[in-house]
Amino acid sequence: MVQWRLGRSLKAAILARRAANGPRKKRTRPKPRQYTIANLERARDRVAAAERRIDNDRANNPNRGRAGLERAKLELFIIELQLRLRGLLGSTAIKLE
């Protein structure tokens, strides 16, 4: 009889704790980042730094550091594209119709 009460109160405590946290929901997707000109400058600096690292590397492996450079170039491309779409980057703004 005592075990029955203990188990029941334990179950109630677990359910109460779950209710306090709120209902379980699906995770909402984050909104896309709004890049600025400062982000563009930082991305250009990262690409330049990655290129310098590859040039100054004394190892006899031509692919060493290539992944970092590719990642930096991809991020720079994404930032430039978004800024062009928003009309914030020079005269090369893309017009969506």
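Above this note sits the structure.
The following refers to the structure shown. What you see is a predicted model; the values in this text were computed from it and never measured. (Residues numbered from 1 in each chain as written. Predicted model: local features only at pLDDT ≥ 70, side-chain atom pairs only at ≥ 80, totals over all residues. Heavy atoms only, no water.)

The next point concerns the nonpolar core. Tyr-35, Leu-40, Ala-43, Val-47, Ala-50, Ile-54, Leu-69, Ala-72, Leu-76, Ile-79, Leu-83 and Leu-89 form the largest nonpolar core, which has twelve residues in total. For this core, the secondary structure elements donating two or more residues are helix H2 (37–56) and helix H3 (66–85). Among all residues touching Leu-83, those that are not within four sequence positions of it are Tyr-35, Thr-36, Ile-37, Leu-40, Leu-88 and Leu-89. (Core = buried A, V, L, I, M, F, W, Y, C linked by side-chain atoms within 4.5 Å. Buried < 20%, exposed > 50% of the residue type's maximum accessible area, 1.4 Å probe, protein only. Helix = DSSP H or I, 4+ residues; strand = E, 2+ residues; numbered from the N terminus. Contact = heavy atoms within 4.5 Å.)

Take the packing of H2 against H3 next. For the pair H2 and H3, interaxial distance at closest approach is 9 Å and the crossing angle is 160°. Classified by the angle between their axes, H2 and H3 sit roughly antiparallel to one another. Two packed elements cross with a definite hand, and for H2 against H3 that hand is left-handed. Of the residues in H3, those touching H2 at Ile-37, Asn-39, Leu-40, Ala-43, Arg-44, Arg-46, Val-47, Ala-50, Glu-51 and Ile-54 are Arg-66, Gly-68, Leu-69, Ala-72, Lys-73, Glu-75, Leu-76, Ile-79, Glu-80 and Leu-83. (Axes fitted to C-alpha atoms, helices over the stretch in contact; angles between N-to-C directions. Parallel < 35°, antiparallel > 145°, perpendicular 65-115°, else oblique. Left-handed = near helix turned anticlockwise from the far one by under 90°.)

Time to look at H3. Owing to its 3.6 residues per turn, the α-helix brings residues three or four apart onto one side. For H3, which comprises 20 residues, the first-to-last C-alpha distance of 29 Å matches the rise-based estimate of 28 Å (1.5 Å per residue) to within 8%. For H3, the full list of buried residues reads Leu-69, Ala-72, Leu-76, Ile-79, Glu-80, Gln-82 and Leu-83. Burial along H3 is one-sided: seen end-on, the buried residues are contained in an arc of 165°. Turned more than 90 degrees away from the buried face of H3 sit Arg-71 and Leu-74, all of them exposed. Where H3 is buried, its residues meet H2. Directly after H3, the chain includes Gly-87, whose backbone phi takes a positive value near 80°. (Expected span 1.5 Å × (residues − 1). Arc of directions from axis to C-beta.)

Following the criterion strictly, the structure yields four salt bridges and no others. A salt bridge links Arg-44 to Glu-41, with the nearest nitrogen and oxygen atoms 3.5 Å apart. Linking Arg-44 with Glu-41, this pair stays in helix H2, spanning three residues, or about one helical turn. Relative accessible area serves as the criterion here: at 39%, Glu-41 is assigned to the partly exposed category. In the salt-bridge network here, residues are joined through shared partners; they are Glu-41, Arg-44 and Glu-80. (Salt bridge = Lys/Arg side-chain N within 4 Å of Asp/Glu carboxyl O.)

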